[in-house]
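Okay, here's what each chain looks like letter by letter:
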Amino acid sequence: MAPALSFPIIDMGLLDGEERPAAMELLHDACENWGFFEILNHGISTELMDEVERLTKDHYKRVREQRFLEFASKALTKDDGGDAKAAAENLDWESTFFVRHLPESNLAEIPDLDDGYRRAMRRFAGELEALAERLLDLLCENLGLDKGYLARAFRGPSKGAPTFATKVSSYPPCPRPDLVSGLRAHTDAGGIILLFQDDRVGGLQLLKDGEWVDVPPTRHSIVVNLGDQLEVITNGRYKSVVHRVVAQPDGNRMSIASFYNPGSDAVIFPAPALVKDEEAAEAAYPKFVFEDYMKLYVRHKFQAKEPRFQAFKSMETDSSNRIAIA
């Protein structure tokens, strides 16, 4: 296991002072060489984060804990090795629910949430949305793109909203961490991902230079990682990175991952300013509609991203010529 001592941690408070150039360089290096970084002093109040954490853990314990354990334990009831391994092969040891924020919220429709939790989640989502947009503009600055380029690319031809949703997860203690993953290795399909994770129970790892590196749990931080769409738009300058969650025998890890993604009809392609003239004739990345990419992704999430890109490379598509993925 590679040490996490060099994992990039960025104090966003430095962006408003004399140390801004150094902080921006650290951000650029994190995006270019890690695909992951952790931010502090990001503007979201610690009181709100503590409230969301408390309500999330209370909700899980009250509503979902026993339900998940009864379901998941069925895959781990046999002790004869081979059969148990086969049964657990496609199981992730996580209990989740999803909340959509944009283009329209479904928070009011999620069952079993009390009113206080809904209010806190709505406030938290609003703060994360603003933070995601700020980060996209910082990436534009580092890449030499016009301010707002990435935000506009996410909105698509209809100039509507991006898609924005949150996956709320709990990773309970696992009786067989040798047999089952918390979450299998994958890259994220979308744009920019903002993660509020448990600061006491770890397990999140990313693959760097062929080794798994721990993402350090840090109180009141937000972990940021880049998805496949930003890899395409930046023409590979910034890359999505394979990551996983390792199941733990002790503790109960909370994970609130918010995905700020392109709108469903957004046409994704490398930013022309990042494509050299000699590359234009044979682009390294394809052009596609985000919704079509997602149809392919959901079938191949836990496989390498390169075949997904290759599947679109020979297909010409724009907003009026949709690719049908059977």
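Residues numbered from 1 in each chain as written. Predicted model: local features only at pLDDT ≥ 70, side-chain atom pairs only at ≥ 80, totals over all residues. Heavy atoms only, no water.

- Going by what an unreviewed UniProt entry lists, the chain is known as 1-aminocyclopropane-1-carboxylate oxidase 1 and is assigned to Digitaria exilis.
- According to its UniProt record, the chain has this under Pathway (unreviewed entry): "Alkene biosynthesis; ethylene biosynthesis via S-adenosyl-L-methionine; ethylene from S-adenosyl-L-methionine: step 2/2."
- For the chain, the Sequence similarities (unreviewed entry) comment in UniProt is given as "Belongs to the iron/ascorbate-dependent oxidoreductase family." (UniProt positions renumbered as here; feature names shortened; annotations may be inferred.)

Focus on the pattern of salt bridges
Alright, step 1. The final tally for this structure, using the stated rule, is 18 salt bridges.
Alright, step 2. Asp 92 is the salt-bridge partner of Arg 184, the closest N and O atoms lying 2.9 Å from each other. Taken together, the residues span a long stretch of sequence, with Arg 184 in strand S5 (residues 183-186) and Asp 92 in the loop between helix H3 (82-88) and strand S3 (95-102) at a distance of 92 residues.
Alright, step 3. The class of Asp 92 is buried, set by a relative accessible area of 13%.
Alright, step 4. The partner of Arg 155 in a salt bridge is Glu 133, and the shortest N-O contact between them spans 3.6 Å. One end of the pair, Arg 155, is in helix H5 (residues 149-155); the other, Glu 133, is in helix H4 (residues 115-143), with 22 residues separating them in the sequence. (Salt bridge = Lys/Arg side-chain N within 4 Å of Asp/Glu carboxyl O. Helix = DSSP H or I, 4+ residues; strand = E, 2+ residues; numbered from the N terminus. Buried < 20%, exposed > 50% of the residue type's maximum accessible area, 1.4 Å probe, protein only.)

Considerations on the sheet that holds strand S4 (residues 163-171)
Alright, step 1. Read from one edge of the open sheet, 7 strands run S1-S2-S9-S6-S11-S4-S3, paired in mixed fashion. Each edge of the open sheet carries a strand with a single partner, namely strand S1 (9-11) and S3. Pairs of neighbouring strands in the sheet enclose a mean axial angle of 25°, with direction left out of account. (Pairing = 2+ DSSP bridges. Axes fitted to C-alpha atoms, helices over the stretch in contact; angles between N-to-C directions.)

Side note on empty space enclosed by the protein
Alright, step 1. Per the stated rule, a full pass over the model turns up 2 cavities of 30 Å³ or more.
Alright, step 2. The calculated volume of the largest cavity comes to roughly 40 Å³.
Alright, step 3. Residue lining of the largest cavity: Ile 10, Met 12, Leu 15, Ala 23, Met 24, Leu 27, Phe 37, Ile 39, Leu 135 and Leu 138, and that is the complete set.
Alright, step 4. It is helix H1 (residues 20-33) that provides the largest number of residues to the lining of the largest cavity, a total of 3 residues.
Alright, step 5. In terms of residue class, the lining of the largest cavity is built from 10 nonpolar, no polar and no charged.
Alright, step 6. For the second largest cavity, the calculated volume is near 30 Å³.
Alright, step 7. What lines the second largest cavity is Tyr 171, Pro 172, Gly 202, Val 245, Val 246, Ala 247, Gln 248 and Arg 253.
Alright, step 8. A class-by-class count of the residues in the lining of the second largest cavity yields 5 nonpolar, 2 polar and 1 charged. (1 Å grid on protein atoms, 1.4 Å probe; cavity = no way out; pocket = protein on both sides within 12 Å on 5 of 7 lines; lining within 4 Å. Points joined across faces, edges and corners; volume = space filled by probe spheres on them. Nonpolar A, V, L, I, M, F, W, Y, C, P; charged D, E, K, R; others polar.)

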